[in-house]
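Inside the fold
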Amino acid sequence: MGHGHGTGDGPAARRLVRRAITVDARPDGHWDQGTLIEARARDDTCDTRGRLRTRAAEHLAVRVDADGRLRRSTDDGGDRLPDHLVGLDARRGFRGALAAHYAPSGPADALQAALLDDLPGLRIVSGYARMLEHHAARRPFPASSALIGVCAGWRGDGTAARAGTALPGLLVSRPPAEDRQDDRTWPVGPPPPRSGMRRRRLLQVTPGESTEVYGYFRDTYCRPDGVEIVLHEYEMTATVTRDSPVVADLTARPGALPFPECPAAAGSAVRLHGVPIEDVEPQVRRRLTGTHGCTHLNDLLRTLRLVEPMTALLRDTYAEPCDRPEDPAS
């Protein structure tokens with residue numbers, strides 16, 4: 001699956017802003033006992049010569065306990081997680097609580113909010129890790145009936161719903177994750193945790209007569225032998241009008257996905273055409289539910305809500321006139 005994060009060369013190159021996120025999740029002993037999360041993120045701006053300037057960076061370590069409650073990790077330095085977020089249910093109503101706490105916010109707080117926003121999804125996707133581990137140990141792991149109908153991949157007459165105890169075996173032959181590490185793009189960190197999950201996100205915003213948006217999303221599982229395999233992968237490209245920002249064009253491209261029915265969800269992205277940017281998040285929840293959508297794709301589409309604040313960050317970085325010489329050290 002190709003990446004669209006190159007800066008380009010020559011006079012046609014445009015300034016852009018890029019957010020890169022890596023979130024790792026591993027069991028605290030066992031998945032049922034809790035989940036340890038370590039996350040890194042960075043906001044970079046790029047000038048017309050391809051030179052990057054890091055505007056904000058964030059590293060966060062937290063724990064989600066067996067009851068789904070958010071806790072501080074022993075690795076977080078004791079002061080990274082705001083007090084009144086400790087103890088919140090990291091599943092139900094969590095994103096609403098984040099929005100209330102972090103708005104309005106500066107660049108560093110916005111990055112911390114973006115990292116925490118992924119916790120509900122990681123809590124759910126850890127179920128795939130448990131399936132794979134049960135399969136390796138030759139223990140049955142039947143699919144939960146609660147998953148039926150939640151997305152295109154779990155439609156009632158689909159492969160996953162009909163697999164029963166054979167479901168983990170369907171996930172074993174997943175493609176290996178390609179080495180896409182680029183120090184200019186992804187926050188540098190350790191390899192993915194063995195027997196753990198890694199989520200990567202990239203969002204790039206390039207303003208102009210219209211704003212071009214590129215997004216990338218990937219969930220992987222790192223086997224006990226250190227081989228990282230892809231579970232979910234999507235790309236997104238969008239065009240947003242400059243005045244009264246509206247989604248003028250939007251395409252979702254599926255990459256490696258677990259079940260044959262999953263790619264059908266990509267076509268649902270057209271339902272956001274013509275939606276104002278400020279309404280994207282509620283419209284994703286309203287229009288792309290159940291078997292019409294994909295929870296992982298929806299998480300990627302929701303990032304369109306960030307186009308305006310990221311554009312503002314770029315505008316703030318290059319507030320000087322365009323003909324003013326840029327600092328060579330920037």
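Calculation notes
- Residues numbered from 1 in each chain as written.
- Predicted model: local features only at pLDDT ≥ 70, side-chain atom pairs only at ≥ 80, totals over all residues.
- Heavy atoms only, no water.
- Helix = DSSP H or I, 4+ residues; strand = E, 2+ residues; numbered from the N terminus.
- Buried < 20%, exposed > 50% of the residue type's maximum accessible area, 1.4 Å probe, protein only.
- Polar contact = N/O pair within 3.5 Å; in protein donor to acceptor, adjacent residues only side chain to side chain.
- Contact = heavy atoms within 4.5 Å.
- Axes fitted to C-alpha atoms, helices over the stretch in contact; angles between N-to-C directions.
- Parallel < 35°, antiparallel > 145°, perpendicular 65-115°, else oblique.
- Nonpolar A, V, L, I, M, F, W, Y, C, P; charged D, E, K, R; others polar.
- 1 Å grid on protein atoms, 1.4 Å probe; cavity = no way out; pocket = protein on both sides within 12 Å on 5 of 7 lines; lining within 4 Å.
- Points joined across faces, edges and corners; volume = space filled by probe spheres on them.
- Core = buried A, V, L, I, M, F, W, Y, C linked by side-chain atoms within 4.5 Å.
- Salt bridge = Lys/Arg side-chain N within 4 Å of Asp/Glu carboxyl O.
- Pairing = 2+ DSSP bridges.
- pLDDT = per-residue confidence, 0-100.

A word on the side chain of Thr-220
Along the polypeptide, Thr-220 turns up in strand β6 (residues 210–222). Owing to a relative accessible area of 2%, Thr-220 belongs among the buried residues under this scheme. A distance of 2.6 Å separates polar atoms of two side chains, one belonging to Thr-220 and the other to Glu-228. The contacts of Thr-220, once residues within four sequence positions are left out, are Ala-177, Gly-196, Met-197, Arg-198, Glu-228, Ile-229, Val-230 and Leu-231.

Things to note about the packing of helix α1 (residues 94–102) against helix α2 (residues 107–117)
Contact geometry for α1 and α2: axes closest at 10 Å, N-to-C directions at 175°. The angle between the axes of α1 and α2 places the two elements in the roughly antiparallel class. Counting all contacts with α1, which are made through Phe-94, Arg-95, Leu-98 and Tyr-102, the residues of α2 involved are Asp-109, Gln-112, Ala-113, Leu-116 and Asp-117. The residue inventory of the contact of α1 with α2, partitioned by class, reads five nonpolar, one polar and three charged.

Some thoughts on the environment of Gly-34
Within the element layout of this structure, Gly-34 appears in strand β2 (residues 30–46). Along the primary structure Gly-34 and Asp-67 are separated by 33 residues, whereas in three dimensions their C-alpha atoms are 7.9 Å apart. Contact partners of Gly-34, with chain neighbours within four places excluded, come to Arg-26, Pro-27, Asp-28, Arg-63, Val-64, Asp-65 and Ala-66.

As for the layout of surface pockets
Roughly 1,100 Å³ of internal volume is contained in the largest pocket. Forming the walls of the largest pocket are 46 residues, and the residues nearest its centre are Pro-120, Gly-121, Ile-124, Leu-147 and Thr-295. Listed by contribution, the elements that provide at least two residues to the lining of the largest pocket are β2, α1, α3 (119–136), α6 (280–287) and α7 (295–302). When its residues are assigned to classes, the lining of the largest pocket shows 21 nonpolar, 15 polar and ten charged. For the second largest pocket, the calculated volume is near 540 Å³.

Structural notes on empty space enclosed by the protein
Under the criterion given, the structure shown has two cavities of 30 Å³ or more. Considering only enclosed or pocket space, the largest cavity measures out at about 120 Å³ in volume. Along its surface, the largest cavity is lined by 13 residues, and Arg-19, Ile-21, Arg-201, Thr-303 and Leu-306 are the ones closest to its centre. By residue number, the principal contributor to the lining of the largest cavity is strand β5 (residues 196–206), which donates three residues. Looking at the lining of the largest cavity, its residues break down into seven nonpolar, one polar and five charged. Taken as a whole, the second largest cavity spans an internal volume of roughly 30 Å³.

Here we look at the nonpolar core
Soluble globular proteins: nonpolar side chains tend toward being buried together. The biggest cluster of nonpolar side chains holds 76 residues, and the ones touching the most others in it are Leu-70, Leu-116, Leu-250, Leu-301 and Leu-304. With seven residues, the single largest contributor to this core is α3. Among the nonpolar cores identified, the runner-up in size contains five residues, and Ala-20, Trp-186, Tyr-214 and Tyr-216 belong to it.

Observations concerning the pattern of salt bridges
Using the criterion set out here, one finds 26 salt bridges in the structure. Arg-95 is the salt-bridge partner of Asp-117, the closest N and O atoms lying 3.4 Å from each other. Here the residue Asp-117 occupies a position in helix α2, and Arg-95 occupies one in helix α1, the gap between them amounting to 22 residues. Looking at Arg-95, the relative accessible area reads 25%, which means it is partly exposed. Note that Asp-299 is salt-bridged to Arg-302, the shortest N-O span being 3.4 Å. You can see Asp-299 and its partner Arg-302 sitting in helix α7, three residues apart, about one turn around the helix. Across the pair, exposure class does not vary: Asp-299 and Arg-302 are buried alike. Taken together, the salt bridges that share partners define one network made up of Arg-95, Asp-117, Asp-118, Arg-199, Arg-201, Asp-219, Glu-281, Asp-299, Arg-302 and Arg-305.

Topic: the sheet that holds β5
With antiparallel pairing, the eight strands of this open sheet are ordered in space as β4-β3-β2-β1-β5-β6-β7-β8. The open sheet is flanked by β4 (70–72) and β8 (247–254), the only strands paired with a single partner. Recorded for the sheet is a direction-independent mean angle of 20° between the axes of neighbouring strands. Across seven bridges, the pairing between strand β7 (residues 228–241) and β8 is antiparallel. Its bridge partner lying in β8, Thr-237 is registered against Thr-251.

Looking at the pairing of β7
β7 sits mainly inside the fold: twelve of its 14 residues count as buried. As paired elements, β6 and β7 share 13 bridges and run antiparallel to each other. Note that in β7 the partner of Tyr-216 across the bridge is Glu-235. With antiparallel pairing between neighbouring strands as the criterion, β6 and β7 make up a hairpin whose turn holds five residues, including Gly-226 at a positive phi of roughly 90°.

Points about the confidence of the model for the chain
Mean pLDDT over the chain stands at 83; residues scoring 70 or higher make up 86%. When the elements of the chain are averaged for pLDDT, helix α5 (residues 167–172) gives the smallest value, 73, and β8 the largest, 96. Every residue in residues 7–11 is under pLDDT 50, and counting partners more than four places away or in other chains gives seven contacts.

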